[in-house]
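Reading the structure
Read off the chains here:
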Amino acid sequence: ATFPVERTSIMAAAFDVPKDKVGVFDVDMSLTKEEACMSDTLLVESLLATFADYLSTTASTFHTVQVLGFTRELNGEQCNRRTVRQLLSSFSAATASVRMMIV
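Here goes a summary of the coordinates provided. (Residues numbered from 1 in each chain as written. Predicted model: local features only at pLDDT ≥ 70, side-chain atom pairs only at ≥ 80, totals over all residues. Heavy atoms only, no water.)

**Section: the side chain of Ser 46**
Rules: Under the DSSP-based scheme used, a helix requires at least four consecutive residues in state H or I and a strand at least two consecutive residues in state E, with every element numbered from the N terminus. For every residue, the accessible area (1.4 Å probe, protein chains only) is compared with the maximum for its type, and the residue is labelled buried under 20%, exposed over 50%, or partly exposed between those bounds. In the analysis that follows, any N or O atom pair within 3.5 Å is treated as a polar contact, provided that within protein one partner can donate a hydrogen and the other can accept it, and provided that, for residues neighboring in sequence, both atoms belong to side chains. Note on definitions: a residue-residue contact is assigned when non-hydrogen atoms from the two residues lie within 4.5 Å.
Inspection of the secondary structure puts Ser 46 in helix 3 (residues 40-58). Judged by its relative accessible area of 18%, Ser 46 is buried. A polar atom in the side chain of Ser 46 sits 2.8 Å from the side chain of Glu 35. Excluding anything up to four places from it in sequence, Ser 46 contacts Glu 35 and Met 38.

**Concerning the pattern of salt bridges**
Side chains that carry opposite charge are capable of pairing whenever their charged atoms lie near each other. The line we're drawing: Each salt bridge in this description consists of a side-chain nitrogen of Lys or Arg and a carboxyl oxygen of Asp or Glu lying within 4 Å of one another.
Under the counting rule described, the total for this entry stands at three salt bridges. For Glu 6, the salt bridge is made with Lys 19, and the minimal N-O distance between the two is 2.6 Å. With Glu 6 in the segment before helix 1 (7-14) and Lys 19 in the loop between helix 1 and strand 1 (23-32), this residue pair connects regions lying 13 residues apart in the sequence. By relative accessible area, Lys 19 is classed as partly exposed at 42%. A salt bridge links Asp 40 to Arg 72; the nearest nitrogen and oxygen atoms lie 2.5 Å apart. Placement of Asp 40 in helix 3 and of Arg 72 in strand 2 (residues 65-73) is noted, with a sequence separation of 32 residues between them.

**Let's talk about the sheet that holds strand 1**
What counts here: Strands are labelled as partners when DSSP assigns at least two bridges between them. Angular values range over 0 to 180 degrees, each being the angle between N-to-C directions of two axes fitted as lines to C-alpha atoms, with helices fitted over their stretch in contact.
Sheet architecture is open: three strands sit in the order 1-3-2, paired in antiparallel fashion. A strand with exactly one partner marks an edge of an open sheet, and here the two such strands are strand 1 and strand 2. Strand-to-strand, the axes of this sheet are offset by a mean angle of 25°, without reference to chain direction. Inspection of the sheet shows strand 1 paired to strand 3 (residues 91-102) by nine bridges, in the antiparallel sense. Considered in strand 3, the bridge of Val 27 is made with Val 98. Helix 1 contacts strand 1, strand 2 and strand 3 of the sheet and is inclined by roughly 65° relative to strand 3.

**A closer look at the state of the cysteines**
Cut-off, in case you're wondering: Criterion for a disulfide: a pair of cysteine sulfur atoms at a distance within 2.5 Å.
According to the stated counting rule, one finds one disulfide in the structure shown. Paired by a disulfide, Cys 37 and Cys 79 hold their sulfur atoms 2.1 Å apart. Handedness of the Cys 37-Cys 79 disulfide follows from its S-S torsion of about -80°: it is left-handed. In this pair, Cys 37 sits in the loop between helix 2 (33-36) and helix 3 while Cys 79 sits in the loop between strand 2 and helix 4 (81-85), placing the two residues 42 residues apart along the sequence. The exposure class of Cys 79 is partly exposed, given its relative accessible area of 35%.

Shape descriptors only; they carry no functional weight alone.
Structure (structure tokens):
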């Protein structure tokens, strides 16, 4: 037999917190030129660091931040070799819609 398991329930149990203390949020954000051209794995790591840094100054306490999924829109940004070598840390036209979970 199979039965559905909610991610929020699993995370609540893993961190021994009530299920209502696990939040799922959708965030739309601008990406730097560097982030726009990162691999999916590196982008997730960058997003996690950004969210954890932000939460450390705004949330009273949290155990973990998880990226549940994202879509990236380059909006005309080019990610060829020449562009990648000349990347700056300024924001680009690229965006990401991110679903994240905070425990």
